[in-house]
Amino acid sequence: MASIHLFVLQHGLNGSSTDLDFIERTFRQRFGKPDPEAGRELHLLLCNTNTGYFNRLTHHGLEVMGTRLYEELMKELDRIEKSGGVVDRISILGFSLGGLIARYAIGLLYREKVFERITPVTFVSFSSPHCGSRRKAGSWWNYTLAAITNNLFGKTGLELMLEDTSNDSDVPLLVKITEIDSDFYKGLAVFRNRILYCNLQNDFQVPFCTGSISHRNPFNDQQKLTFLEKYPHILDTKEDFMQEDKPDYDNFFKNDAKAVHLRVILRNLQTLEWKRYNCYFSGPFAHAR
């Protein structure tokens, strides 16, 4: 039997596995047939252990959701191996909150030494709040969105706002999973490719900076943006606009009560190499596009 590249798909907050049906169909149409030269076939896992209970399973916090994903993935690996298959590569895609859920599961895979026998190839996030969901104070809109996140999404909302604490630590979970000596950072680091898709504007759920792991959005309404001919919603960026000679981390987020934590998240995640695809969709619902 051909070797298998397992590609894992994880949905986001208040979502379900059906949210990624289009991506699954596209992958099957384009990559579903075995590669005769590589002797490898693609196997898709559309995860559903965080689906259900009126979609509120995604309110249980990253530790619970990431552990569910890890356990579902391990069961699938066991099923494939018992049927005679050999999984030798793995890639993981997360949409929105799914990117954070996937990062937690990746840490568990690394901790259990799964990557010593299976090569981690690509991690992809679509509009994921890698730096949380905090917003600049000063507008009623940002205040309203912050209040909704903090109060209506259970433990997950507190984690996204960096307001979660525990008896043994005052460090928010989003900070812990970016610490360079953690299994979560080390697991992410061993992937050959790390890819971010983020929206330049019109994404109220996940603003550009947190999706792009950035302290700023260098694109504005006054700029003339050039898009790829083949993919008209993706910005044609000749250089990595995130590269700065000496990032002034001490001055980032200086007006935010959680500035210290935000700087740690940003600094640590920016030590990894990322391929960024910056997207633009008109209208107020870019997040779902």
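Only a predicted model underlies this, so the values are computations on that prediction, with no experimental measurement involved.

Draft legend 1. Spatial organisation of the side chain of N199. Note on placement: N199 falls in strand β5 (residues 193-199). For N199, a relative accessible area of 5% corresponds to the buried category. Apart from the residues lying within four places of it in its own chain, the contact partners of N199 are S127, F208, C279, F281, A286 and H287.

Draft legend 2. Broad picture of the nonpolar core. Within the largest apolar cluster, 49 residues are counted, with the highest numbers of intra-cluster contacts made by L6, V8, L62, L73, I90, I92 and W274. If you list the elements that add at least two residues to this core, you get β1 (3-10), α2 (62-82), β3 (86-95), α3 (98-111), α6 (173-176), α7 (183-189) and α9 (259-269). The biggest single contributor to this core is α3, with 8 residues. Ignoring anything within four residues of it in the chain, the contact list for I90 reads H5, L6, V8, L73, F115, I118, T119, P120, V121, T122 and F191. Listed in part, the 11 residues of the second largest apolar core include L20, F27, L42 and V124.

Draft legend 3. View of the pattern of salt bridges. In this structure the tally under the stated criterion is 8 salt bridges. Close ionic contact of R111 with D183 constitutes a salt bridge, the shortest N to O distance being 2.8 Å. Taken together, the positions of R111 in helix α3 and D183 in helix α7 put the pair 72 residues apart, joining distant regions of the chain. Residue D183 is classed as partly exposed on the basis of its relative accessible area of 21%. Residue R134 pairs with D256 through a salt bridge whose shortest N-O separation is 2.9 Å. A residue pair is termed long-range when its members are at least 10 positions apart, and R134 in the loop between β4 (119-126) and α4 (140-152) and D256 in the loop between α8 (208-212) and α9 qualify at 122 residues.

Rules behind the numbers
Residues numbered from 1 in each chain as written. Predicted model: local features only at pLDDT ≥ 70, side-chain atom pairs only at ≥ 80, totals over all residues. Heavy atoms only, no water. Helix = DSSP H or I, 4+ residues; strand = E, 2+ residues; numbered from the N terminus. Buried < 20%, exposed > 50% of the residue type's maximum accessible area, 1.4 Å probe, protein only. Contact = heavy atoms within 4.5 Å. Core = buried A, V, L, I, M, F, W, Y, C linked by side-chain atoms within 4.5 Å. Salt bridge = Lys/Arg side-chain N within 4 Å of Asp/Glu carboxyl O.

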